[in-house]
Amino acid sequence: MNEVRRADAQLADRMRTGDTEALGELYDRYAGMAVATAHRVVGGREEAEDVVHDAFVAVWRKIDRFDSERGSLRAWLMTVVRNRAIDRVRARRTSVDLDDADERSLLRTGPNPTWEAALTRASAGDVRSAMAALPDEQRRALELAYFEGYTYREVADLTGVPAGTANGRLRLALGKLRDALSGTTAAPLPFQETPLRKDLSR
Amino acid sequence: MTARIDIDCATVDELAAAHGLGAVEDSEANAIDRHLDGCPQPHAEARELIAAASLVPAALEPVAPSAALRGRLMATVAATPQDHRAPVRAPTPRAVIAEPMVVPRRSWWQFGPLPSALAAVALAAAVGLGAWGVSLNGQLAERDAALRAVASADAAYVVEGEAGRGWVIESGDQAMFMADGLADLAAGQLYEFWLIDGDGNLVAAGTLTDTDGVALVTLERALDDATTFAVTVETERVEQSTNDPVMVGALGA
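All values derive from a computational prediction rather than experimental measurement. (Residues numbered from 1 in each chain as written. Chains lettered and ligands numbered in written order. Predicted model: local features only at pLDDT ≥ 70, side-chain atom pairs only at ≥ 80, totals over all residues. Heavy atoms only, no water.)

Participant: Hey, could you go over the pairing of strand S7 (residues 226-234) of chain B for me, with residue numbers and the actual values?
Facilitator: Residues and elements named next belong to chain B. Counting buried positions along S7 gives 8 out of 9 residues, so the element sits mostly inside the fold. When strand S4 (residues 190-197) meets S7, the two strands line up antiparallel, connected through 8 bridges. The residue of S7 that forms the bridge with Trp194 is Ala230. Here 4 bridges tie S7 to strand S8 (residues 247-250), and the two strands are oriented antiparallel to one another. In the sheet register, Val231 faces S8, and the bridge partner there is Met247. (Buried < 20%, exposed > 50% of the residue type's maximum accessible area, 1.4 Å probe, protein only. Helix = DSSP H or I, 4+ residues; strand = E, 2+ residues; numbered from the N terminus. Pairing = 2+ DSSP bridges.)

Participant: Mind laying out the interface of chain B and chain A, listing which residues take part and the relevant values?
Facilitator: Between chain B and chain A, the residue contacts involve 55 residues of the former and 73 residues of the latter. Buried surface at the junction of chain B and chain A, summed over both partners, amounts to about 6000 Å²; 59% is from carbon and sulfur atoms. A per-residue breakdown of the area chain B buries against chain A is headed by B:Leu21, B:Leu55 and B:Arg70, which together make up 12% of the total. The tally of links between chain B and chain A comes to 8 salt bridges. As a salt-bridge pair, A:Arg153 and B:Glu28 come within 2.6 Å of each other at their nearest N and O atoms. At the boundary of chain B with chain A, the tally comes to 23 residue pairs in polar contact (both at pLDDT 80 or more). Contributions of two or more residues to the side of chain B that touches chain A are made by helix H1 (9-20), helix H2 (26-38), helix H3 (44-53) and helix H4 (67-78) of chain B. Among the elements that make up the side of chain B that touches chain A, the one with the highest residue count is H3(B) (9 residues). A class-by-class count of the residues in the side of chain B that touches chain A yields 29 nonpolar, 10 polar and 16 charged. (Contact = heavy atoms within 4.5 Å. Buried area = accessible area lost by both parts, 1.4 Å probe. Salt bridge = Lys/Arg side-chain N within 4 Å of Asp/Glu carboxyl O. Polar contact = N/O pair within 3.5 Å; in protein donor to acceptor, adjacent residues only side chain to side chain. Nonpolar A, V, L, I, M, F, W, Y, C, P; charged D, E, K, R; others polar.)

Okay, here's the thing in structure tokens:
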């Protein structure tokens, strides 16, 4: 288990005992990324903060179902944020059972030793560079899927390509992202604790 | 509810990236999760792609939250029981407003009393029961029991919400909940009834699992000093609920 996951696991253990300050520390670590993700999806700042609020509350409520040996707290939290944000923009189409989705997300955030090592080395700048280096059609497909909540079939319709092509673009995009980051030697992704605290009037 | 489908190893590998990005249908997502959870094959590539998706948010520049968000979150969390820990009691309004600049969301058990005129409510109940009698010819015994309850009622209160409309009928030391046309429950769900006093304390007062037609349930306890009646949907009987109510009504004028 890498340093980031170990620290998150300790927070999860404290949260499990009802320690609200541990939830506060989790917030301090990831609120910036969470708000950025929600804002990117829903567009409005106030609505994004509502999404983040609800996502942290969901993690608080369900923390006993989280197993740090099987998954990453950060990845789960960000998936919950993303799911809830997407649910808002999908409201005119279909709505998902968020409680169910929160718990299913636990299955998708399991550890992967190879990737854990890459994640430890990667910096936020590395991720941005890797995203920027993607061909336009692959980056667009990835953004439509992740940030706008479209399925690969809908991405295909929106971009005028067959479903297999849209799915292939998503595979290529994520594969390149993985390959680019697994070879990095930069500093680890920061917790953002220090810069965020400066922005919080508490 | 999504249809259950089963998929093979090749399809899991094919859809792994889309799955990691949340870009498959729910039925496909469930099938992939089930497959990966039980498949003897390592699916290393698929697992890596799924894991890689979790880094996408890191490509965004962090956005500092407003100063109020942390306080609002901490106030909510302080008032939110964790699923695995039974709450000792529901929070009082004073406990919720824990920090300055915090605008707490109103908890459903903190609804203030709503004006309720017994005569008007009893009339509404009678009208409702009339429709009930027409639509449920085979359930005369239940209808008669309901009519007797109304006839002997000391007080009646409207309860309504997304699940429908009903009444709490108080007669002496007993109270009944009745409704017609309650929303159907999904398999494995039940309605649970709650009495809430002026301090926000919740007490379970019974459950209902069969919503086929009428609801006619004698509550397990007297209304006593309860000020609010609420109905939630649960998967099993619980002693405290964190679910939003599907029906709420004030008890007393």
